[in-house]
Amino acid sequence: MSILFPKVNKPREWDHRPIYYDEEKEARKEKLARLHNHSLRDEYERRKREREAKNKSRLAFWIALLLLAFLIYYFVL
């Protein structure tokens with residue numbers, strides 16, 4: 001230890017960077033974790049089931065809309 005220039009440690013600086021929630025980034029992380037935990041075939045089958053369910057609900061909607069249009073046409077005209 002020097003008498004003329006004693007060594008004094010500097011205090012640590014506080015560096016705070018706020019973390020903001022990013023929904024897209026979280027979704028990407030979740031998808032990546034799912035791909036690592038499951039095979040690509042499982043992911044393909046899951047997406048295929050979702051697509052089929054979506055198509056089935058869309059078809060039911062259009063059939064109901066068409067039926068409603070025919071009923072309105074029949075009773076109004």
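Look above for the structure.
Residues numbered from 1 in each chain as written. Predicted model: local features only at pLDDT ≥ 70, side-chain atom pairs only at ≥ 80, totals over all residues. Heavy atoms only, no water.

Undergrad: Which residues make up the overall build of the protein, and what are the values?
TA: Summing up its helical and strand segments, the protein has 2 helices and 0 strands in all. Both charge centroids of the protein, one from 18 positive and one from 12 negative side chains, sit 3 Å from each other. (Helix = DSSP H or I, 4+ residues; strand = E, 2+ residues; numbered from the N terminus. Lys, Arg positive; Asp, Glu negative; His and termini not counted. Charge placed at Lys NZ, Arg CZ, Asp CG, Glu CD.)

Undergrad: How would you explain the packing of aromatic side chains if you had to name every residue and give the values?
TA: Applying the stated criterion across every chain, the model contains 2 aromatic pairs. Centre to centre, the rings of Phe61 and Trp62 are 5.4 Å apart; their planes meet at 70°, and the pair counts as edge-to-face. By relative accessible area, which is 49% here, Phe61 ends up partly exposed. Aromatic side chains Tyr74 and Phe75 sit 5.2 Å apart centroid to centroid with 75° between the ring planes, which places their arrangement in the edge-to-face category. Each member of the pair Tyr74 and Phe75 is classed as exposed. (Phe/Tyr/Trp six-rings, centres within 6.5 Å; stacked < 30°, edge-to-face > 60°. Buried < 20%, exposed > 50% of the residue type's maximum accessible area, 1.4 Å probe, protein only.)

Undergrad: Go over the packing of helix 1 (residues 23-37) against helix 2 (residues 40-76) with me, naming the residues and quoting the values.
TA: At a minimum axis separation of 7 Å, helix 1 and helix 2 run at an interaxial angle of 120°. Comparing the axis directions of helix 1 and helix 2 gives the class oblique. For the pair helix 1 and helix 2, contact is made by Lys31, Arg34 and Leu35 and by Leu40, Glu43, Arg46 and Arg47, respectively. Residues of the contact of helix 1 with helix 2, tallied by class, amount to 2 nonpolar, no polar and 5 charged. (Axes fitted to C-alpha atoms, helices over the stretch in contact; angles between N-to-C directions. Parallel < 35°, antiparallel > 145°, perpendicular 65-115°, else oblique. Contact = heavy atoms within 4.5 Å. Nonpolar A, V, L, I, M, F, W, Y, C, P; charged D, E, K, R; others polar.)

Undergrad: Give a detailed account of a negative patch on the surface, specifying residues and quantitative values.
TA: Judged by side-chain charge, Asp22, Glu23, Glu24, Glu26 and Glu30 come together as a negatively charged surface patch. On the secondary structure map, Glu24 appears in helix 1. For Glu24, a relative accessible area of 58% puts it in the exposed group. (Patch = residues over 30% accessible without salt bridge, like charges linked within 9 Å, V, L, I, M, F, W, Y side chains within 5 Å. Areas by Shrake-Rupley, 256 points an atom, 1.4 Å probe, with all protein chains shown as cover. Salt bridge = Lys/Arg side-chain N within 4 Å of Asp/Glu carboxyl O.)

Undergrad: Tell me what's going on with a nonpolar patch on the surface, and back it up with residues and numbers.
TA: On the surface, Phe61, Trp62, Leu65, Leu67, Leu68, Leu71, Ile72, Tyr73, Tyr74, Phe75, Val76 and Leu77 cluster together into a nonpolar patch covering about 1,400 Å² of accessible area. Following the sequence through the fold, Val76 ends up in helix 2.

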